[in-house]
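# Chain and residue survey
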Amino acid sequence: MAEKEVSQQKAAVLGLQHLLAMYSGAVAVPLLIGNALKFSPAQMTYLVSIDIFMCGLATLLQLMRNKYFGIGFPVILGCAIQAVAPLQMIGQKFSINDMYGAIIVAGIFVVLISGVFAKIKKFFPPVVTGTLITTIGLTLVPVAIQNMGGGNSAAKSFGSGQNLLLAFCTMFIILALEIWTKGFIRSISVLIGLVAGTVIAACMGLVSFTPVVEASWFHLPQLFYFGVPKFEWSSSLTMIIIALVSMVESTGVFFAIGDLLHHDVTEEDLKKGYRAEGIAQIFGGLFNAFPYTTFSQNVGLLQLSGIKTKRPIYWAGGLLMAMGLLPKIGAMVTIIPTPVLGGAMLVMFTMIAVQGIKTLAKVDLSDNNNVLIIAISIGLGLGVTIYPQFFKNLPATVQLFLSNGIVITSLSATILNFLLKGGDRKAKPKTQTANIM
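Notes on the structure in this doc start here. What you see is a predicted model, and the numbers here were worked out from it, not measured in a lab.

Calculation notes
Residues numbered from 1 in each chain as written. Predicted model: local features only at pLDDT ≥ 70, side-chain atom pairs only at ≥ 80, totals over all residues. Heavy atoms only, no water. Helix = DSSP H or I, 4+ residues; strand = E, 2+ residues; numbered from the N terminus. Rg over C-alpha atoms; globule rule 2.2 N^0.38 Å. Buried < 20%, exposed > 50% of the residue type's maximum accessible area, 1.4 Å probe, protein only. Contact = heavy atoms within 4.5 Å. Areas by Shrake-Rupley, 256 points an atom, 1.4 Å probe, with all protein chains shown as cover. Lys, Arg positive; Asp, Glu negative; His and termini not counted. Charge placed at Lys NZ, Arg CZ, Asp CG, Glu CD. Core = buried A, V, L, I, M, F, W, Y, C linked by side-chain atoms within 4.5 Å. Phe/Tyr/Trp six-rings, centres within 6.5 Å; stacked < 30°, edge-to-face > 60°. Expected span 1.5 Å × (residues − 1). Polar contact = N/O pair within 3.5 Å; in protein donor to acceptor, adjacent residues only side chain to side chain. 1 Å grid on protein atoms, 1.4 Å probe; cavity = no way out; pocket = protein on both sides within 12 Å on 5 of 7 lines; lining within 4 Å. Points joined across faces, edges and corners; volume = space filled by probe spheres on them. Nonpolar A, V, L, I, M, F, W, Y, C, P; charged D, E, K, R; others polar. Salt bridge = Lys/Arg side-chain N within 4 Å of Asp/Glu carboxyl O. Axes fitted to C-alpha atoms, helices over the stretch in contact; angles between N-to-C directions. Parallel < 35°, antiparallel > 145°, perpendicular 65-115°, else oblique. Left-handed = near helix turned anticlockwise from the far one by under 90°. Disulfide = S-S within 2.5 Å. Patch = residues over 30% accessible without salt bridge, like charges linked within 9 Å, V, L, I, M, F, W, Y side chains within 5 Å.

### Quick notes on the overall build of the chain
- Within the chain one finds 18 helices and two strands.
- Relative to the compact-globule value of 22 Å for 437 residues, the chain shows a C-alpha radius of gyration of 21 Å, a close match.
- Expressed as lengths along the three principal axes of its C-alpha atoms, the size of the chain is roughly 75 × 55 × 45 Å.
- Among the 437 residues that make up the chain, the fraction classed as buried is 56%.
- Within the chain, contacts between residues at least 6 apart in sequence are counted, and of these 84% link residues at least 24 apart.
- Carbon and sulfur atoms provide 68% of the accessible area of the chain, an area that totals close to 18800 Å².
- Charge separation in the chain, taken as the distance between the mean sites of 28 positive and 17 negative side-chain charges, equals 2 Å.

And the structure:
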């Protein structure tokens, strides 16, 4: 199936839509870590700016497929949220310099093992990939619902009438555009929904322009801004474990996008994809940013817009880098109210789950083994997502792996497929029942 080609002007608008879809997730990591480590306003400004810049650079590294790195899929990279707690721990127990040294070591580790790790492809038949893609979508839904309610479930205003009004107005605007419009307007339904939702919120007096006023105009990335990295073995080992978790999660996203593009993901694809993430992580350590991983949030947007080419993603990467250099422009995105983002997220994330269900529809569900693989793996993944403390009594190193629902589903589906199906890569075709009526 031929991909839709779009003009540069339309690609820029689509790129902005992708940027808005991932922005809140991208800036969450520097805000959480900066606050935990008691950064000054100037340090926090640098941290957020360099993070946004590096998100763009990491995205471009993944897009530009060449002999050595880059999967060449329309993907966006952002900070690995699972790295927040370990990075906070390292920064508080040792120093911020140890934190960045550990990030660099983990990035080098990813680059070195990318070829070996890519051989896991043989353990991902449709029953495993379909289960994994479905779980990716479903595990993101609670994030959307939490944002729809206001972001902080402990706040008195959570689920307030105005939050729900903004969330559902945004969602209904997107749905209306999807149903009653065509072509380019339909492909940017999420962007229009976000803008319209923000305008409604502004009319209600719920939009503050203070972040834009206070942000600086220009900011350059600086090598070793917080000092020269230090290398402490336990910190490095911790971040290597987090890198492995991210690689497993990225594998699911690669297969999800491959399925969407009708592209058979090869070992070479995986190797170059992992390697690009490792290089991005090394740059993150050198410029005092973060580890980067392929974001699952934007997969649903590819499905929703119907535009699956790389051109809009190049624009998204370029815009992210520009916003990292111009903090005042970058701050404009932060004025979008959380409930508005939540309303858009719900539509996008559920689309990912539907894509996984479409993959599972190709699997022979009359085979009870396939049903068991799907049911148990999705159940474990969703359960751990809702109760990440489920494994709190296990060693801390084990918890780093098992507190991520997507990783749990990956491990469960892969192991069960190997045990119940003998690692058979090919899904049995559905049996056709003869019509004897």
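What follows picks up the thread again.
### Focus on the nonpolar core
- In this structure, Met239, Tyr274, Phe290 and Tyr292 are the most contacted members of the largest nonpolar core, which totals 124 residues.
- Top contributing element to this core by residue count: helix α10 (residues 233–260), with 14 residues.

### Comments concerning the packing of aromatic side chains
- Counted by the stated rule, this structure contains 10 aromatic pairs.
- Between phenylalanine 168 and phenylalanine 172, the aromatic rings sit 6.1 Å apart at their centres with planes inclined by 35°, giving tilted as the arrangement. Taken together, the positions of phenylalanine 168 and phenylalanine 172, both in helix α6 (residues 161–180) and four residues apart, correspond to about one turn of that helix.
- The exposure class of phenylalanine 168 is partly exposed, given its relative accessible area of 34%.
- Here the aromatic cluster, defined as three or more aromatic residues joined through ring pairs, consists of Tyr46, Tyr100, Tyr225 and Phe226.

### A look at helix α16 (residues 368–386)
- Over its 19 residues, α16 extends 27 Å from the first C-alpha to the last, a length consistent with the 27 Å expected when each residue adds 1.5 Å.
- The residue sitting at the N-terminus of α16 and contributing the capping side-chain oxygen is aspartate 367; that oxygen lies 2.9 Å from the backbone nitrogen of asparagine 369.

### A short note on empty space enclosed by the protein
- This structure, assessed with the given rule, holds two cavities of 30 Å³ or more.
- Empty space within the largest cavity amounts to approximately 60 Å³.
- Around the largest cavity sit Val110, Met239, Ile242, Ala243, Ser246, Met247, Glu277, Gly278, Gln281, Pro291 and Tyr292, which together line it.
- Those elements that place two or more of their residues in the lining of the largest cavity are α10 and α11 (267–286).
- Grouping the amino acids of the lining of the largest cavity by side-chain chemistry returns seven nonpolar, three polar and one charged.

### Let's talk about α11
- Compared with the 28 Å implied by 1.5 Å per residue over 20 residues, the 29 Å span of α11 between its first and last C-alpha is a close match.
- Restricting attention to buried positions, one finds in α11 the residues Asp269, Leu270, Lys272, Gly273, Tyr274, Ala276, Glu277, Gly278, Ala280, Gln281, Gly284 and Gly285.
- Downstream of α11 by a residue or two, asparagine 288 has a phi angle that is positive, lying close to 60°.

### Observations concerning the pattern of salt bridges
- The tally for this structure, following the rule as stated, stands at six salt bridges.
- Notably, a salt bridge pairs aspartate 259 with lysine 362, separated by 3.8 Å at the nearest N-O pair. With aspartate 259 in helix α10 and lysine 362 in the loop between α15 (338–360) and α16, the pair connects residues that are 103 residues apart, well separated along the chain.
- Judged by its relative accessible area of 19%, aspartate 259 is buried.

### Comments concerning the packing of helix α8 (residues 189–203) against α15
- Their axes nearest at 9 Å, the elements α8 and α15 cross at an angle of 160°. Comparing the axis directions of α8 and α15 gives the class roughly antiparallel. Considering how the two elements wind past one another, α8 and α15 form a crossing that is right-handed. Contacts between α8 and α15 pair Val190, Gly193, Leu194, Gly197 and Thr198 from the former with Val340, Leu341, Ala344 and Met348 from the latter.
- Here the contact of α8 with α15 is composed, by residue class, of six nonpolar, three polar and no charged.

### Regarding the state of the cysteines
- A complete count under the given rule lists zero disulfides for this structure.
- For the unlinked cysteine cysteine 55, the closest cysteine sulfur is that of cysteine 79, found at 4.5 Å.

### Thoughts on unusual backbone geometry
- In this structure, histidine 262 is a non-glycine residue whose phi angle is positive, near 55°.
- Within the element layout of this structure, histidine 262 appears in the loop between α10 and α11.

### A closer look at the side chain of threonine 198
- As for its placement among the helices and strands, threonine 198 is situated in helix α8.
- Since its relative accessible area comes to 12%, threonine 198 is described here as buried.
- Looking at threonine 198, its side chain comes within polar contact range of the main-chain oxygen of leucine 194, at 2.8 Å.
- What threonine 198 contacts, discounting residues up to four positions off in sequence, is Val207, Ile335, Ile336, Pro337 and Val340.

### A closer look at a nonpolar patch on the surface
- A cluster of nonpolar side chains, contributed by Leu372, Ile376, Leu380, Leu411, Ile415, Phe418, Leu419 and Leu420, occupies part of the molecular surface with about 700 Å² of accessible area.
- When contributions to the nonpolar patch are tallied by element, the ones reaching two or more residues are α16 and α18 (405–421).
- Looking at the nonpolar patch, the element that brings in the most residues is α18, giving five residues.
- Its place among the elements puts leucine 372 in helix α16.
- The class of leucine 372 is partly exposed, set by a relative accessible area of 34%.

### Some thoughts on the environment of glutamine 17
- The topology assignment puts glutamine 17 in helix α1 (residues 8–36).
- For the pair glutamine 17 and serine 305, spaced 288 residues apart in sequence, the C-alpha to C-alpha distance is 9.9 Å.
- Setting aside anything within four residues of it in sequence, one finds glutamine 17 in contact with Ser187, Ile188, Ser189, Val190, Leu191, Leu301 and Ser305.

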